[in-house]
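# Per-entry structural report
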Amino acid sequence: MRFVLSLLIFATPASAWEATVGQICTLSHETDSAAIFLTYDPAQPLYSLTITRTTENWAQAPWFAMRFEGPTPIEIATSRHVLSENATALTVTDKGFGNVLDGLEYNQSAYAFTQDQIIEFPLDGAASQVRKFRECAGAHLS
C-alpha cells in the first residue's frame, strides 16, 4: 500500500515553489494551466523568465506584463519578450530581475499577461524559495 501511495505522490506534477542552487540557479512553480521558470546564469550574468502554457498557446502580442498583488503591489511590462517555436512558452531575459523577485517574494498573487491572455500564479510558499534563489544569485556576485 505504501508503495502505491508513493507512486501516486511522485507521479503528480510538483505544485510547490522550488529553487535549486547550481551553476545556474532556478526558481519554478507549476499550476494546472501553466509553469513559471526563472533562471540566473552568473557567467553572463543574465536572468530569464519563461512562462509555459499547458492548456493553450500564447498569442503574438506587442507587450508582456506581470502584476503582483498583495502588500507590495508591483506591475512591470516589456516589449522584449519572445515566443517559443510552438508558442507554448513566452520568455523574457534581462540583466536584472529585482522587481520580479520582489513581486514574487512579498505578495500573494502573480499575474502574467498580454492584452488578450492572463495566467495567475498563487504565491503561497514562494517567499522562502525566492530568498534561496536570491542567495544563490548573490553568492555568484561576490
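Keep in mind that what you see is a predicted model, and the values were worked out from it rather than measured.

## Brief notes about the confidence of the model for the protein
Detailed reading of predicted coordinates is not advised where the pLDDT is low. Of all residues in the protein, 85% attain a pLDDT of 70 or more, and the chain-wide mean is 88. Low pLDDT (under 50) marks residues 1-14, which in the prediction has two contacts with non-local residues, meaning those over four places away or in another chain.

## A closer look at the pairing of strand β4 (residues 46-53)
Every other side chain in a regular strand lies on the same face of the sheet, so the side chains alternate between the two faces. Within β4, six of the eight residues are buried, which leaves it mostly tucked inside the rest of the structure. Pairing geometry for strand β3 (residues 34-41) and β4, over eight bridges, is antiparallel. Within β4, the residue paired with Thr39 across the bridge is Ser48. Between β3 and β4, which pair antiparallel and follow one another directly, the connecting turn spans four residues. Bridge analysis of β4 against strand β8 (residues 89-94) gives six bridges, and the strand direction is antiparallel. Counterpart to Ser48 in the pairing with β8 is Thr93.

## As for the side chain of Thr50
Turning to its location among the elements, Thr50 is positioned in strand β4. Owing to a relative accessible area of 16%, Thr50 belongs among the buried residues under this scheme. Only 2.9 Å separates the side chain of Thr50 from the side chain of Thr91, close enough to count as a polar contact. For Thr50, the contacting residues outside a window of four places in its chain are Ala35, Ile36, Phe37, Ala89, Leu90 and Thr91.

## Description of the pairing of strand β2 (residues 25-30)
Examined bridge by bridge, strand β1 (residues 18-20) and β2 share three bridges and lie antiparallel to one another. The residue of β2 that forms the bridge with Thr20 is Thr26. Between the antiparallel neighbours β1 and β2 lie four residues. Relative to β3, β2 runs antiparallel, the two being bridged by six bridges.

## What about the state of the cysteines?
Counting across every chain of the model gives one disulfide. Paired through a disulfide, Cys25 and Cys136 show a sulfur-sulfur distance of 1.8 Å. Taking the sign of the torsion about the S-S bond as the criterion, the disulfide between Cys25 and Cys136, at about -70 degrees, is left-handed. Here Cys136 lies in helix α3 (residues 126-141) and Cys25 lies in strand β2, a separation of 111 residues in the sequence. For the pair shown, Cys25 and Cys136 are each scored as buried.

What counts and how
Residues numbered from 1 in each chain as written. Predicted model: local features only at pLDDT ≥ 70, side-chain atom pairs only at ≥ 80, totals over all residues. Heavy atoms only, no water. pLDDT = per-residue confidence, 0-100. Contact = heavy atoms within 4.5 Å. Buried < 20%, exposed > 50% of the residue type's maximum accessible area, 1.4 Å probe, protein only. Helix = DSSP H or I, 4+ residues; strand = E, 2+ residues; numbered from the N terminus. Pairing = 2+ DSSP bridges. Polar contact = N/O pair within 3.5 Å; in protein donor to acceptor, adjacent residues only side chain to side chain. Disulfide = S-S within 2.5 Å.

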